[in-house]
Amino acid sequence: DSGVTQTPKHLITATGQRVTLRCSPRSGDLSVYWYQQSLDQGLQFLIQYYNGEERAKGNILERFSAQQFPDLHSELNLSSLELGDSALYFCASSVYHRTRDTGELFFGEGSRLTVL
Amino acid sequence: EDKVVQSPLSLVVHEGDTVTLNCSYEVTNFRSLLWYKQEKKAPTFLFMLTSSGIEKKSGRLSSILDKKELFSILNITATQTGDSAVYLCAVDGGSQGNLIFGKGTKLSVKP
């Protein structure tokens, strides 16, 4: 158990809908990262927050948004869902701003999204 | 564009075999290379490598980095069925401090 909690574990929805994925980082970790893992693309970095502020953006679609709240939990909002958005969405956390400071990200178990 | 390429994509071996997994990279500002193991869901950290030629070891697993040739290998000796997993290589490419992952090598160890 990494200490990172993600909900829901599984989610099935229809095209055009909107969903919210939630992540609680390890106690004391200030950085939260969101990754998308699909079969053909591997783990793709979406976005990072550090202590409530957006720090880095990766290949995140405009239909997707995220935020980190004062209690450090984070939410990833996915809207106008398409079939291709079906994937496993991981949240990871670390205590530092940059991964080079520790090298290690602690991953949650992921939220599997299926868009029908 | 920064990229990380792993090979082979999949590998089937028998218990007791030794395997070598490969990771090559092209990144703008290399900071470190990391290996993760992904069994069912969450990737778990194995090693972080920053210097060339220095081997990191943990039990039957070891890894080394070659910054001149831009690659790393992960060795697993005396494989066990519990080693079956996807092994992910990731690189910290510097500018954003975030990890760029390869697509992984799926290792299956047969009894």
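Notes on the structure follow. (Residues numbered from 1 in each chain as written. Chains lettered and ligands numbered in written order. Predicted model: local features only at pLDDT ≥ 70, side-chain atom pairs only at ≥ 80, totals over all residues. Heavy atoms only, no water.)

With that settled, the discussion passes to the sheet that holds strand S3 (residues 19-24) of chain A. Residue and element names in this part refer to chain A. Strand order in the open sheet formed by four strands is S1-S3-S8-S7, and the pairing between neighbours is antiparallel. If you trace the sheet from one side to the other, it starts and ends with strand S1 (5-7) and strand S7 (64-68), each paired once. Looking at each pair of strands side by side, their axes are set apart by 15 degrees on average, direction ignored. Taken together, the three bridges between S1 and S3 define a ladder with antiparallel strand orientation. Within S3, the residue paired with Thr 5 across the bridge is Ser 24. (Pairing = 2+ DSSP bridges. Helix = DSSP H or I, 4+ residues; strand = E, 2+ residues; numbered from the N terminus. Axes fitted to C-alpha atoms, helices over the stretch in contact; angles between N-to-C directions.)

On to the pairing of strand S4 (residues 32-38) of chain B, then. Looking along a regular strand, one sees side chains alternate from face to face of the sheet. Residue and element names in this part refer to chain B. Counted residue by residue, S4 has seven buried out of seven residues, so it is predominantly covered. Every second residue of S4 is oriented toward a common face, with Ser 32, Leu 34, Tyr 36 and Gln 38 on one face and Leu 33, Trp 35 and Lys 37 on the other, all of them buried. Across seven bridges, the pairing between S4 and strand S9 (residues 85-92) is antiparallel. If you follow Gln 38 over to S9, its bridge partner there is Val 86. (Buried < 20%, exposed > 50% of the residue type's maximum accessible area, 1.4 Å probe, protein only.)

As enumerated under the stated definition, the model contains two disulfides over all chains in all. The side chain of A:Cys23 participates in a disulfide bridge whose partner is A:Cys91; the two sulfur atoms lie 1.8 Å from each other. One quick way to see it: the torsion about the S-S bond of A:Cys23 and A:Cys91 is about -55 degrees, and its sign makes the bridge left-handed. Remark: A:Cys91 occurs in strand S9 (residues 87-94) and A:Cys23 occurs in strand S3; sequence separation between them is 68 residues. With a sulfur-sulfur separation of 1.9 Å, B:Cys23 is cross-linked through a disulfide to B:Cys89. Taking the sign of the torsion about the S-S bond as the criterion, the disulfide between B:Cys23 and B:Cys89, at about -65 degrees, is left-handed. (Disulfide = S-S within 2.5 Å.)

This part covers the side chain of A:Asn77. All names here are of chain A. Along the chain, Asn 77 turns up in strand S8 (residues 74-78). Within the structure, the side chain of Asn 77 is placed 2.8 Å from the side chain of Thr 20, a separation counted as a polar contact. Sequence-distant contacts of Asn 77, that is, excluding residues within four places in its chain, are made with Arg 18, Val 19, Thr 20, Arg 63, Phe 64, Ser 65 and Gln 67. (Polar contact = N/O pair within 3.5 Å; in protein donor to acceptor, adjacent residues only side chain to side chain. Contact = heavy atoms within 4.5 Å.)

Next up on the list: the sheet that holds strand S8 (residues 71-76) of chain B. All names here are of chain B. One open sheet accounts for five strands, arranged S1-S3-S8-S7-S6; its pairing is antiparallel. Looking along the sheet, the strands with just one partner apiece sit at the ends: strand S1 (3-7) and strand S6 (56-58). The sheet shows a mean angle of 15 degrees between the axes of neighbouring strands, taken without regard to direction. Looking at chain direction, S1 and strand S3 (residues 19-26) are connected through five bridges and run antiparallel. In the strand pairing of S3, Gln 6 is matched with Cys 23.

The next subject is the packing of aromatic side chains. Taken as a whole and judged by the stated rule, the model has ten aromatic pairs over all chains. The interplanar angle of 90 degrees and the centroid separation of 5.5 Å between the aromatic rings of A:Tyr35 and B:Phe101 together place this pair among those described as edge-to-face. Placement of the pair is A:Tyr35 in strand S4 (residues 31-38) and B:Phe101 in strand S10 (residues 99-101), with the two residues belonging to separate chains. Taking the centre distance of 5.7 Å and the plane angle of 85 degrees together, the rings of A:Phe107 and B:Tyr36 count as edge-to-face. Separated into two different chains, A:Phe107 in strand S10 (residues 106-107) and B:Tyr36 in strand S4 make up a pair that spans both. Its relative accessible area of 1% is what places A:Phe107 among the buried residues. Grouping aromatic residues by their ring pairs yields a cluster made of A:Tyr35, A:Phe45, A:Phe90, A:Phe107, B:Tyr36, B:Phe45 and B:Phe101. We note A:Arg26 situated over the ring of A:Phe106; from NZ or CZ to the ring centre the distance is 3.5 Å. (Phe/Tyr/Trp six-rings, centres within 6.5 Å; stacked < 30°, edge-to-face > 60°. Lys NZ or Arg CZ within 6 Å of the ring centre and 35° of its normal.)

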